[in-house]
Amino acid sequence: QVQLVESGGGLVQAGGSLRLSCAASGGTFSRYAMGWFRQAPGKQREFVAAISGRGSVTSYSDSVKGRFTISRDYAKSTVHLQTNSLKPEDTAVYYCAAESRGSGVGTKLYGYDYWGQGTQVTVSS
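Residues numbered from 1 in each chain as written. Predicted model: local features only at pLDDT ≥ 70, side-chain atom pairs only at ≥ 80, totals over all residues. Heavy atoms only, no water.

### Focus on the state of the cysteines
Scanning the entire structure with this criterion turns up one disulfide. In this model, Cys22 is linked to Cys96 through a disulfide, with the two sulfur atoms separated by 2.1 Å. On the S-S bond that ties Cys22 to Cys96, the torsion sits near -75°, and the link is left-handed. Taken together, the residues Cys22 in strand E3 (residues 18-25) and Cys96 in strand E9 (residues 92-100) connect sequence positions 74 residues apart. Across this residue pair, the class does not change: Cys22 and Cys96 are buried. (Disulfide = S-S within 2.5 Å. Helix = DSSP H or I, 4+ residues; strand = E, 2+ residues; numbered from the N terminus. Buried < 20%, exposed > 50% of the residue type's maximum accessible area, 1.4 Å probe, protein only.)

### Side note on unusual backbone geometry
Phi is positive for Ser77, close to 50°, though the residue is something other than glycine. Counting through the fold element by element, Ser77 comes out in the loop between strand E7 (68-73) and strand E8 (78-83). You will see that Ser85, though not glycine, has its phi angle at about 50°, which is positive. Position of Ser85 relative to the elements: it lies in the loop between E8 and E9. Ser85 gets classed as partly exposed once you look at its relative accessible area, which sits at 43%.

### Observations regarding the pairing of strand E1 (residues 3-7)
The side-chain alternation of E1 yields one buried face, formed by Leu4 and Glu6, and one unburied face, formed by Gln3, Val5 and Ser7. Here E1 pairs with E3 via five bridges, running antiparallel. Paired with Gln3 across the strands is Ser25, a residue of E3. (Pairing = 2+ DSSP bridges.)

### A short note on the sheet that holds E8
If you trace the four strands from one edge of the open sheet to the other, you get E1-E3-E8-E7, paired in antiparallel fashion. On the outer flanks of this sheet lie E1 and E7, each paired with one strand and no other. Sheet twist, expressed as the average angle between the axes of neighbouring strands with direction ignored, equals 15°. Here E3 runs beside E8; their pairing, made up of six bridges, is antiparallel. Directly across from Leu20, in E8, lies its bridge partner Leu81. (Axes fitted to C-alpha atoms, helices over the stretch in contact; angles between N-to-C directions.)

### Points about the packing of aromatic side chains
Counted according to the given criterion, the structure contains six aromatic pairs. Centre to centre, the rings of Phe37 and Phe47 are 5.7 Å apart; their planes meet at 75°, and the pair counts as edge-to-face. Remark: Phe47 occurs in strand E5 (residues 46-51) and Phe37 occurs in strand E4 (residues 32-39); sequence separation between them is ten residues. An aromatic cluster is built from Phe37, Phe47, Tyr112 and Trp115, whose rings are joined through pairwise contacts. The positively charged end of Arg45 is found above the aromatic ring belonging to Trp115, 5.0 Å away from the centroid. (Phe/Tyr/Trp six-rings, centres within 6.5 Å; stacked < 30°, edge-to-face > 60°. Lys NZ or Arg CZ within 6 Å of the ring centre and 35° of its normal.)

This is the structure in structure tokens:
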């Protein structure tokens, strides 16, 4: 059983940055692809970014490509999401997720086995 705990959310002005972190425990970190999803009020949860177990493959949604960067720290079993040039439409609860897979990354919610509780990101205009 993998436990995921997100941190780093908060209130930021448009154009600002936040670094989200997700600490994983209870499993072999490198065996899991890690993803970030977000859910805004009244909207469905959507894919943001993902990184493969070995860190060699990443994927981003079109809405964040060029502004967000996903990375992972194997020594600390932590995955980070660096968010830059934030926009009000980035406001959402951001969730970390883990998917057991041999290679590559997944962009679909149903592929992920474990989820964190989420961290709120609010971007003011």
